[in-house]
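# Summary of the model geometry
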Amino acid sequence: MKKCCHYWLVAVLLLLPLSGFINESDLYSVRLNAANIDPDKIFLLIDKSDYRLYVYEDVTLRKIYKVVFGNRDQTDKQVEGDRRTPEGTFHILTKRVDKSWSRFMLLDYPNEVSWQKFRVRQSQGMVSSSASIGGAIGIHGVEYNSGIWDSYVEGRINWTLGCISMKNSDVNELYEVIKVGTPVVIRR
């Protein structure tokens, strides 16, 4: 095959959807561990519209997890207490083992972009001038002690105050392969 044709073929293959080449169910069942992924190249994409968290290593999709959120309203978080999940680009600020949620990875919400959106909403009268932006948004497991089980995630039952919730075994796996500073993009 001529060199120019080979490059053209590679370019076309890169543009095709993954579904034709990768069995998506494999991306739910593959196990991640520190030996098979580089934490310096990981970023997370959380898509609220399809209740999924995607783990990328550089440009390669490595794993898909099912997740749930605060409530069915998929719009961007506006104020503390609205139970919405914020949208934007964030980073893992801290990680900890948690007695309620198995693992907790705190996001740097609100960040400067979050504050800018909040101030615009206040100036436009969409949010009360006395409202609080909220905080303590993170990725965590389910709360067995309160009767909230993995079935909530499987059934897309939103239950958090705006956080992203995963099955406990999934959050434990993710916790082991990501590091503080990992980028997290949340979109609808």
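Placed above this text is the structure.
My aim in this report is to walk through the structure given alongside it, one point at a time. The structure displayed is predicted, hence computed values, not measured ones.

## Regarding the overall build of the protein
Each helix and strand in the protein was counted, giving 5 helices and 8 strands. If you list the helices and strands of the protein from N to C, you get α-α-β-β-β-β-β-α-β-α-β-α-β. For the protein, the share of sequence-separated contacts (at least 6 apart) that also reach a separation of at least 24 residues comes to 65%. Within the structure as shown, the protein displays about 10200 Å² of accessible surface, and the carbon and sulfur contribution to it stands at 56%.

## A word on the pairing of strand E1 (residues 42-47)
Burial within E1 is extensive, with 5 of its 6 residues counted as buried. Here E1 pairs with strand E2 (residues 52-57) via 6 bridges, running antiparallel. Along E2, the bridge assignment pairs Leu45 with Tyr54. The turn linking E1 back onto E2 is made up of 4 residues, and Tyr51 within it adopts a positive phi angle of 55°.

## Comments concerning the nonpolar core
Counting 35 residues, the largest nonpolar core has Leu44, Leu53, Val55, Ile139 and Leu174 as its most contacted members. Going through the elements one at a time, E1, E2, strand E4 (88-98), strand E5 (102-107), helix H5 (168-177) and strand E8 (183-187) are the ones with two or more residues in this core. Of the residues forming this core, the biggest block, 4 residues, is contributed by H5. Contact partners of Leu53, with chain neighbours within four places excluded, come to Leu44, Leu45, Ile46, Lys63, Ile64, Tyr65, Val67, Ile139, Met166 and Leu174. Core analysis: the next-biggest nonpolar cluster, separate from the first, contains 6 residues, Tyr54, Tyr56, Leu61 and Ile64 among them.

## A short note on the side chain of Asp98
With respect to the helices and strands, Asp98 occurs in strand E4. Under the relative-accessibility criterion, Asp98 is labelled buried at 11%. Of note is the side chain of Asp98, whose polar atom sits 2.9 Å from the backbone nitrogen of Trp101. Look past the residues within four positions of Asp98 in its chain and what remains in contact with it is Arg103 and Phe104.

## A word on the sheet that holds E5
Read from one edge of the open sheet, 8 strands run E3-E2-E1-E8-E4-E5-E6-E7, paired in mixed fashion. Edge strands, defined here as strands with exactly one partner in the open sheet, are strand E3 (60-66) and strand E7 (164-165). With 2 bridges joining them, strand E6 (residues 138-140) and E7 adopt parallel strand pairing. Note that in E7 the partner of His140 across the bridge is Ser165.

Basis of the calculations
- Residues numbered from 1 in each chain as written.
- Predicted model: local features only at pLDDT ≥ 70, side-chain atom pairs only at ≥ 80, totals over all residues.
- Heavy atoms only, no water.
- Helix = DSSP H or I, 4+ residues; strand = E, 2+ residues; numbered from the N terminus.
- Contact = heavy atoms within 4.5 Å.
- Areas by Shrake-Rupley, 256 points an atom, 1.4 Å probe, with all protein chains shown as cover.
- Buried < 20%, exposed > 50% of the residue type's maximum accessible area, 1.4 Å probe, protein only.
- Pairing = 2+ DSSP bridges.
- Core = buried A, V, L, I, M, F, W, Y, C linked by side-chain atoms within 4.5 Å.
- Polar contact = N/O pair within 3.5 Å; in protein donor to acceptor, adjacent residues only side chain to side chain.

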